[in-house]
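Working through the structure, step by step
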Amino acid sequence: MIRCLVVDDEPLALHILEDYISKLPFLQLVKATTNPIEALTLVQNGAADLIFLDVQMPELTGIQFLKIANGKAKVILTTAYSQYALEGYELDVVDYLLKPIAFDRFYKAVQKVQSILNPAVAPLAAKEEPAPKDLQNDFIFVKTEYKIQKVYLHDILFIEGLKDYISIYTPTERIITLQIMKKMEEALPEQHFVRVHKSYIVALNKIDSIERSRICIKDKVIPVGDTYRDNFFKLIDAKNI
């Protein structure tokens, strides 16, 4: 059992990680808090094995927290900003999760922790608790102009990137969020979503047809870029019968 502590100044982020932790029986939630000082006290008292730690917090930043904690628990950083990754790894964090965090990516991160803390049993535990095989209950949260919106992965048809924001298309709506394609690509499970162009990510199970270098999803025609063509068609060939 890995005792987990979640520290984030956004209650919604706490809720998401609490939900993810509850899905894995080898994880135990000790505390989810917006107060980094309270969390630091728990760590110094040896109450946690693993910390999910937000980088940007008003009272104490995640990097400051790491330096004070001084390795008393394993740490997975969580943030929307990739520029902190290098400094985090220099302070020996186990992994770095970019928001919005998908369960598939969360699971891979805790597997790393499991292999470090319990190397003898980690392979068995990973086999017993595989990541979900479908998208039915998996979701991400994205920031729109007026709210933070929950998006179920099984609803996503494709994603289009336009400069500093992206559009997520579902059968019923278009959701616009300030985000870059690379972060979104990393947040999505790679067995279900694939980058096919610098401006497009598609859901493999939503593709209706492929003609030469064009993908049809509903009434949308999406080009396959030269950079992504080989990888895309390898995935398609693997699913051919």
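Structure shown above.
Residues numbered from 1 in each chain as written. Predicted model: local features only at pLDDT ≥ 70, side-chain atom pairs only at ≥ 80, totals over all residues. Heavy atoms only, no water.

This part covers the environment of Y169. Along the chain, Y169 falls in strand 9 (residues 165-169). Sequence separation between Y169 and L157 is 12 residues, and the spatial gap between their C-alpha atoms is 5.6 Å. With residues up to four places along the chain from it excluded, the contact list for Y169 reads D155, I156, L157, F158, E160 and R174. (Helix = DSSP H or I, 4+ residues; strand = E, 2+ residues; numbered from the N terminus. Contact = heavy atoms within 4.5 Å.)

Within this structure, the stated rule accounts for 14 salt bridges. A salt bridge links E211 to R214; the nearest nitrogen and oxygen atoms lie 3.5 Å apart. Overall, E211 belongs to the partly exposed group, its relative accessible area being 45%. Residue R214 is classed as partly exposed on the basis of its relative accessible area, which comes to 43%. Of the charged contacts in the structure, one is a salt bridge between R229 and D226, with a shortest N-O distance of 2.7 Å. You can see R229 and its partner D226 sitting in helix 8 (residues 226-238), three residues apart, about one turn around the helix. The class of D226 is exposed, set by a relative accessible area of 63%. (Salt bridge = Lys/Arg side-chain N within 4 Å of Asp/Glu carboxyl O. Buried < 20%, exposed > 50% of the residue type's maximum accessible area, 1.4 Å probe, protein only.)

Across the two faces of strand 10 (residues 174-178) the burial differs, with I175 and T177 buried and R174, I176 and L178 not buried at all. Here five bridges tie strand 9 to strand 10, and the two strands are oriented antiparallel to one another. The residue bridging Y169 from the neighbouring strand is R174, located in strand 10. (Pairing = 2+ DSSP bridges.)

This paragraph deals with helix 1 (residues 11-22). Helical geometry: 3.6 residues make up each α-helical turn, so side chains three or four residues apart lie on a common side. For helix 1, built from 12 residues, the straight-helix expectation of 16 Å at 1.5 Å per residue is met to within 8% by its first-to-last C-alpha distance of 17 Å. The complete set of buried residues in helix 1 reads A13, L14, I16, L17, Y20 and I21. Take helix 1 and look down its axis: the buried residues cluster within an arc of 165°, on one side only. Facing away from the buried side of helix 1, by more than 90 degrees, are the exposed residues P11 and S22. Considering only its buried residues, helix 1 is in contact with strand 1 (2-7), strand 2 (27-33), strand 3 (50-54), strand 4 (74-79), helix 5 (103-117) and strand 6 (139-143). (Expected span 1.5 Å × (residues − 1). Arc of directions from axis to C-beta.)

The quantities given are spatial measurements derived from coordinates; they are silent on function.
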